[in-house]
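In case you want the letters, here they are:
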Amino acid sequence: MVDAILVRATGGPEVLELGKVPAPKPGAGDLVVSVAAAGVNFIDVYHRSGQYGMPLPFTPGGEGAGTVLAVGDDVTGFAEGDHVAWTAAPGSYAQQVIVPAAAAFRIPEGVEDEVAAAAMLQGITAHYLVTSTYAVKPGDTVLVHAAAGGVGLLLVQLAKFRGGKVIGTVSTPEKEALAREAGADEVIRYTETDFAEAVADLTGGVGVAAVYDGVGRTTFDGSLASLSRRGVLALFGASSGPVPPVDPQRLNTAGSVFLTRPTLGHHIATPEEFQWRCDELFSAIAAGRVSVRIGGRYPLADAAKAHEDLEGRRTTGKLLLLPSAVSVA
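Draft legend 1. Highlighting the overall build of the protein. When its secondary structure is counted, the protein shows nine helices and 15 strands. Relative to its length of 329 residues, the protein is compact, with a C-alpha radius of gyration of 20 Å against a globular reference of 20 Å. Based on the C-alpha atoms only, the size of the protein along its principal axes is roughly 60 × 40 × 35 Å. A total of 329 residues make up the protein; the buried ones form 54% of that total. Considering only contacts within the protein whose residues lie at least 6 apart along the sequence, 66% involve residues at least 24 apart. Summed over all atoms, the accessible surface of the protein reaches about 14,000 Å², with 52% contributed by carbon and sulfur. One finds the centroid of the 25 positive side-chain charges in the protein at a distance of 5 Å from the centroid of its 35 negative side-chain charges.

Draft legend 2. Spatial organisation of helix α9 (residues 303–311). Listed as buried for α9 are Ala303, Ala304, Ala306, His307, Asp309 and Leu310. Where α9 is buried, its residues contact β1 (2–7), β2 (16–21), β3 (30–40), α1 (42–49), β14 (294–299) and β15 (318–322). Backbone geometry just downstream of α9 places Arg313 in the positive-phi region, at approximately 55 degrees.

Draft legend 3. Summary view of the pattern of salt bridges. Per the counting criterion, the structure on display carries 14 salt bridges. Across the salt bridge formed by Glu63 and Lys318, the nearest N and O atoms sit 2.7 Å from each other. Of this pair, Glu63 sits in the loop between α1 and β4 (64–71) while Lys318 sits in strand β15; the two residues are 255 residues apart in sequence, bridging distant segments of the chain. When sorted by exposure, Glu63 lands in the same class as Lys318, which is buried. A salt bridge links Lys137 to Asp140, with the shortest nitrogen-to-oxygen separation between them at 3.4 Å. Bridged by salt links that share partners, the residues Glu176, Arg180, Arg189 and Glu192 form one connected network.

Draft legend 4. Inspection of the pairing of strand β5 (residues 83–86) at higher detail. Alignment of β4 against β5, held across four bridges, turns out to be antiparallel. When the bridges of β5 are listed, Thr67 appears paired with His83. Bridge count between β5 and strand β7 (residues 104–106): three bridges; the pairing is antiparallel. When the sheet's bridge partners are listed, Val84 is paired in β7 with Arg106.

Draft legend 5. Spotlight on the nonpolar core. By size, the foremost hydrophobic cluster in this structure holds 56 residues, and its most contacted members are Met120, Ile124, Leu155, Tyr212, Phe282 and Ile285. Top contributing element to this core by residue count: helix α2 (residues 113–133), with eleven residues. In contact with Phe282, not counting residues within four places along its chain, are Phe105, Pro108, Val111, Ala116, Ala119 and Met120. Core analysis: the next-biggest nonpolar cluster, separate from the first, contains 29 residues, Val7, Leu16, Val45 and Val68 among them.

Draft legend 6. Spatial organisation of the sheet that holds strand β12 (residues 227–235). The six strands are arranged β10-β9-β8-β11-β12-β13 in an open sheet whose pairing can be described as parallel. With partners counted over all chains shown, the strands left at the sheet margins are β10 (186–189) and β13 (258–260), one partner each. The average angle at which neighbouring strand axes cross in this sheet is 15 degrees, direction not considered. With three bridges joining them, strand β8 (residues 141–144) and strand β11 (residues 208–213) adopt parallel strand pairing. Bridge pairing in β11 places Leu143 opposite Val211. Where helix α3 (residues 150–161) meets the sheet, its contacts fall on β8, β9 (165–170) and β11, and the angle it forms with β8 comes to roughly 170 degrees.

Conventions used here
Residues numbered from 1 in each chain as written. Predicted model: local features only at pLDDT ≥ 70, side-chain atom pairs only at ≥ 80, totals over all residues. Heavy atoms only, no water. Helix = DSSP H or I, 4+ residues; strand = E, 2+ residues; numbered from the N terminus. Rg over C-alpha atoms; globule rule 2.2 N^0.38 Å. Buried < 20%, exposed > 50% of the residue type's maximum accessible area, 1.4 Å probe, protein only. Contact = heavy atoms within 4.5 Å. Areas by Shrake-Rupley, 256 points an atom, 1.4 Å probe, with all protein chains shown as cover. Lys, Arg positive; Asp, Glu negative; His and termini not counted. Charge placed at Lys NZ, Arg CZ, Asp CG, Glu CD. Salt bridge = Lys/Arg side-chain N within 4 Å of Asp/Glu carboxyl O. Pairing = 2+ DSSP bridges. Core = buried A, V, L, I, M, F, W, Y, C linked by side-chain atoms within 4.5 Å. Axes fitted to C-alpha atoms, helices over the stretch in contact; angles between N-to-C directions.

Function-wise, these values are silent; they only describe arrangement.
Quick look at the structure:
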């Protein structure tokens, strides 16, 4: 038996309970991995709360990194002892997890497991947003909400690397400092200033080529108002809640703008695309061009605390659960 977080009924963070589950065995095409670190993401919150339905009981989490313990039949390219990372292995809030080999990426030399776990979902999300959803070009000005969050910090760095000018929004002076350190050219504290008005001032009334919005309900209207003519609103998350239905005519009056609701799975749907995005991201990390900020490390037993901190926007960077760590509670 191995330790795992169990959700027996959907609800608040308190439903995350530490329990025991049978040690996994690999099926054909699978790896069994000892989890060094599991990423904590908003999709885990949506599963826990019931916003996205899951059969009960279940172990949350889909992202992590660790060491291969066993290799199933029909697996090539991986061996016991390899360090791998993943974005799509259900049940990753556990000491051990089954990872489909097709969804695993071998961590390159020089990148630690915790950094790899912190980079996978948010890093690949940032990568597809700036390369595929709206491909940032030299001279573009873009707006990044929650610029000191896990995705936000990576978006700032990757957009700057592609030659863009980045305006970020944050809530506190401490988060402003982090966003500027990541390379943001301008930072708006949305708690003190109407960010759409500030964007208009900063762009001479032109607006931005793209808004990368993972916040949702509370920022949507301002995001739409911040776009330049034929700009792109990439609504990739809803940390403040889902956006109500939108009349398409609003896209016309906003300047013939584009609204898209992208998701990670559609951007790593083939092994080739998954490998390409991972290769580009981890090459940048290994070379020091992209820095991954880990904002909090929690023992597995403290998963509820991690969710509370994530939902309360009390964190910056990535939150990780460490199955080998011991709770002090």
